Amino acid sequence: MIGFVFRRLIASIPTLLAVLTLVFIIVRVVPGDPALVILGDQATPEAAAALRARLGLDVPILTQYVRFLGNALTGDIGTSMVSGRPVFEEVGAVLPHTIDLTIASMILGIVVGVPVGIWAALHRNGVIDVAARLLSLIGLSFPVFVSGIFLLIGFALQLRWFPVIGQADLGDYGDRIHKLILPAITLGLVMAAYITRVTRSAMLASLSEDYIRTARAKGVPWRRVVWVHGLRNASLPVVTVVGLYVGILIGNSVLTEIVFNRPGLGKVIVGALNQRDYTMLQGLMVIYCFLIVVVNLITDLLYGVLDPRVKAA
Amino acid sequence: MSATLSQPSPLRRAAQRALANPTTTFGAVIVLLIVLGAVFAPFITPHDPTEQDIISRLQPPSVDYWLGTDQFGRDIFSRLLYGARISLVVSLGAIAVSIVIGGVIGMISGYVGGKFDLIVMQAMDVLLSFPSLILGLIVVALLGPELVNLVIAIALTAIAPFARIARAPTMALKERAFVEAGHALGYSHARIIFLHILPNILSELMVMGSLWMATAVRVEASLSFIGLGVKPPTPTWGGMTRDGFENILDAPWLAIFPGVAILLLVLGLNMVGDGLRDATDPKLRNE
């Protein structure tokens, strides 16, 4: 197992380097001089030169690149141009809110999606299956800002069960959970829809295998056949989708945080965009990409746990 | 000769099979109605979409204003039809660009093979690892919220999947006899790729394109909602939802109507895309 983890870790290094390179390029293809974009057209040449020096833009592009890679790999992803605080500090302050939201919606997605997907597969082409397919299609067609607004109108404005403003007191767990429910449902519904679809088709494939027939012929109880023999083999595609979905989840969390006025990474990124805080954007992209690489790594490692054949390959 | 020229187009056969499914037909009808509404907007809409009438601002739905008016007294129904144009143009443009660029990258990579293929596909994986909305957000923010930049930003997020879709069948096709015959006749690589391999993978690219259209519509609407869409006063569905959201206490319908419009278009496109994919999937064909 340790060898497998090590191999996977080594394999993710080129990806990480390539992603960092892409981040570096994206931030530098901005048309015009960043110093003038930040300071405005009226800036004096001295002020622009000073800002370029502060941003490290006065050295050759290759030096900038090496410096950027070195800093990123040693954990220094820069300071915000606007607030002057390290990007890590800014992100750290809001991260608990985003983690709350992401984990809650993932749990909701799995708790709803997996059983519904299995249920639909077991009643193939029946009423339950058709309903599950249609609902999951509707679920994944909902842009999260639309479902968020609908939930807000229904449950916060009309029924008044939940608050409209989503900033929770981190120390008060009751308050934290109460303000998490609507945003987590908003994000979790899309996730549940994806997981339902994948679980259904993976279960259908898995239940038609010979070992399922063998297990039934041996007299293994049906419940055990479904949950142990069927689901275990159907779990690889489900894990893949959950892993891939993290990228979508990150994008959707930005929209959810705007709709529910929650603090979090999404609001930080939109704030940085509005204030043209390039160093902050660059740092945020590094964090996002690092997160995605880590999630891909965890997904790969889970494959190894779920399917011993993967480890040998 | 290409393998497809003498037969009816696989895409057409897939479309016929897909339309036998009521869900797909329903989706196609929704999409068709929205497209017709967008194309004939000037003839259907009762008001100018940008005409302001401060006296009748935030009106609920009525005979004069079928879906009510916004905070500037503009007619929501008219703005919805014109807004559909932006959604359709941006998403169609983005998908066309990504099919062309992704398709060419995938075909060349699969055709050349070896180390070149390995490096190109690694690069595509890197592109794929960016969260698409975040990538779109940053690209539009850096380039400026113009229609062309929206197309570029959304296309950028969809190039990698199309490259993957084009590459796999190309690798199989290049071993086939008709490609070998092309080599024997002295055809150039470009001719073999674009005249003989391309027609065989076009239907797969198109099916994938119909599914990605739904994503493109959603991303465009999301960017407009964040404030990075085509600039006002041009109506966009995401922007209209944003306006409605800001007036949610006084006039909740302002956010509901454009929200439903986005949902319907994305749902319709997903239904069509799903149907087409199932119809071209040999494993599902006999279901």
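Source: prediction; values computed, not measured.

Peer 1: I keep staring at the overall build of chain A and nothing clicks. Help me out?
Peer 2: When its secondary structure is counted, chain A shows 14 helices and 0 strands. In chain A, the succession of α and β elements from N to C terminus is α-α-α-α-α-α-α-α-α-α-α-α-α-α. Its C-alpha atoms give chain A principal-axis dimensions of about 85 × 55 × 35 Å. Taken over 313 residues, chain A has a buried fraction of 37%. For chain A, the proportion of contacts with a sequence separation of at least 24, taken over those separated by at least 6, is 72%.

Peer 1: In this structure, what is going on with the UniProt feature "transmembrane region" (unreviewed entry) in chain B? I would like to understand it.
Peer 2: All names here are of chain B. In the numbering used here, UniProt assigns the feature "transmembrane region" (unreviewed entry) to residues 21-44, 86-114, 126-144, 150-166 and 251-272. Between the end C-alpha atoms of residues 21-44 the distance is 31 Å, and the span holds 92% helix and 0% strand. Note that residues 251-272 is 91% helix and 0% strand, and that its end C-alpha atoms are spaced 33 Å apart.

Peer 1: Help me out: how do you make sense of the interface of chain A and chain B in this one?
Peer 2: Size of an interface: often given as the accessible area lost when the parts come together. Each partner contributes to the interface: chain A provides 32 residues, whereas chain B provides 33 residues. Sorting the residues of the side of chain A that touches chain B by element identifies α1 (2-28), α6 (127-141), α7 (144-158), α11 (222-259), α12 (265-274) and α13 (278-306) of chain A as the ones contributing at least two each. Per-element accounting of the side of chain A that touches chain B gives the leading share, 7 residues, to α13 of chain A. Per-class residue counts for the side of chain A that touches chain B are 27 nonpolar, 5 polar and no charged.

Peer 1: Mind showing me how you'd approach the environment of Ala 193 of chain A here?
Peer 2: All names here are of chain A. Along the chain, the position of Ala 193 falls in helix α9 (residues 181-207). Once the C-alpha coordinates of Ala 193 and Gly 117 are considered, the two residues, 76 residues apart in sequence, prove to be 9.1 Å apart. Ignoring sequence-local partners within four residues, the contact set of Ala 193 consists of Ser 136, Gly 139 and Leu 140.

Peer 1: Quick question: what am I supposed to make of the confidence of the model for chain B here?
Peer 2: Residues shown with low pLDDT carry predicted positions that ought not to be read at fine detail. Predicted confidence across chain B gives a mean pLDDT of 86, with 95% of residues reaching 70 or more. Scored by ipTM, the complex comes to 0.84, with pTM at 0.86.

Peer 1: Where do I start with α9 of chain A in this structure?
Peer 2: An α-helix turns once per 3.6 residues; consequently, residues spaced three or four apart project the same way. Where α9 of chain A bends most, at Gly 188 of chain A, the angle is about 30°. Across the 27 residues of α9 of chain A, 22 count as buried, placing the element largely inside the fold.

Peer 1: Any chance you could explain the nonpolar core here in plain terms?
Peer 2: A general feature of soluble globular proteins is that nonpolar side chains tend to end up buried together. Leu 137 and Ile 154 of chain B are the most contacted members of the largest nonpolar core, which has 158 residues in total. Of the residues forming this core, the biggest block, 17 residues, is contributed by helix α9 (residues 189-226) of chain B. The contacts of Leu 137 of chain B, once residues within four sequence positions are left out, are Leu 273 of chain A together with Leu 223, Ile 226 and Leu 228 of chain B.

Peer 1: How do you make sense of the UniProt feature "transmembrane region" (unreviewed entry) in chain A when you look at a structure like this?
Peer 2: Residue and element names in this part refer to chain A. The sites that UniProt annotates as "transmembrane region" (unreviewed entry) are residues 9-30, 101-122, 134-157, 177-196, 234-255 and 285-306. When the span residues 134-157 is considered, its composition is 92% helix and 0% strand, and the gap between its end C-alpha atoms is 28 Å. With 100% helix and 0% strand, residues 285-306 has end C-alpha atoms that lie 31 Å from one another.

Peer 1: Can you help me understand the UniProt feature "domain: ABC transmembrane type-1" (unreviewed entry) in chain B in this one?
Peer 2: With numbering aligned to this structure, UniProt lists the feature "domain: ABC transmembrane type-1" (unreviewed entry) at residues 84-273 of chain B. Taken end to end, residues 84-273 of chain B is 84% helix and 0% strand, and its first and last C-alpha atoms sit 19 Å apart.

Peer 1: Looking at this model, I keep getting lost on the packing of α9 of chain B against helix α11 (residues 253-280) of chain B. Mind explaining?
Peer 2: Two quantities define a packed helix pair, namely the angle between the helix axes and the distance between the axes. Residue and element names in this part refer to chain B. At a closest axis distance of 9 Å, the pairing of α9 and α11 adopts a crossing angle of 165°. Accordingly, the angle class assigned to the pair α9 and α11 is roughly antiparallel. Read as a crossing pair, α9 and α11 show a hand that is left-handed. Of the residues in α11, those touching α9 at Ser 203, Val 207, Ser 210, Leu 211, Met 213, Ala 214, Val 217, Arg 218 and Ala 221 are Ile 262, Leu 265, Val 266, Leu 269, Asn 270, Val 272, Gly 273, Leu 276, Arg 277 and Thr 280. The residue inventory of the contact of α9 with α11, partitioned by class, reads 12 nonpolar, 5 polar and 2 charged.

What counts, and at which threshold
Residues numbered from 1 in each chain as written. Chains lettered and ligands numbered in written order. Predicted model: local features only at pLDDT ≥ 70, side-chain atom pairs only at ≥ 80, totals over all residues. Helix = DSSP H or I, 4+ residues; strand = E, 2+ residues; numbered from the N terminus. Buried ≥ 20, exposed ≤ 12 C-beta atoms within 10 Å, placed from the backbone. Contact = placed C-beta atoms within 7 Å. UniProt positions renumbered as here; feature names shortened; annotations may be inferred. Nonpolar A, V, L, I, M, F, W, Y, C, P; charged D, E, K, R; others polar. pLDDT = per-residue confidence, 0-100. Bend = angle between axes of the 7 residues up to and from the residue. Core = buried A, V, L, I, M, F, W, Y, C linked by C-beta atoms within 7 Å. Axes fitted to C-alpha atoms, helices over the stretch in contact; angles between N-to-C directions. Parallel < 35°, antiparallel > 145°, perpendicular 65-115°, else oblique. Left-handed = near helix turned anticlockwise from the far one by under 90°.

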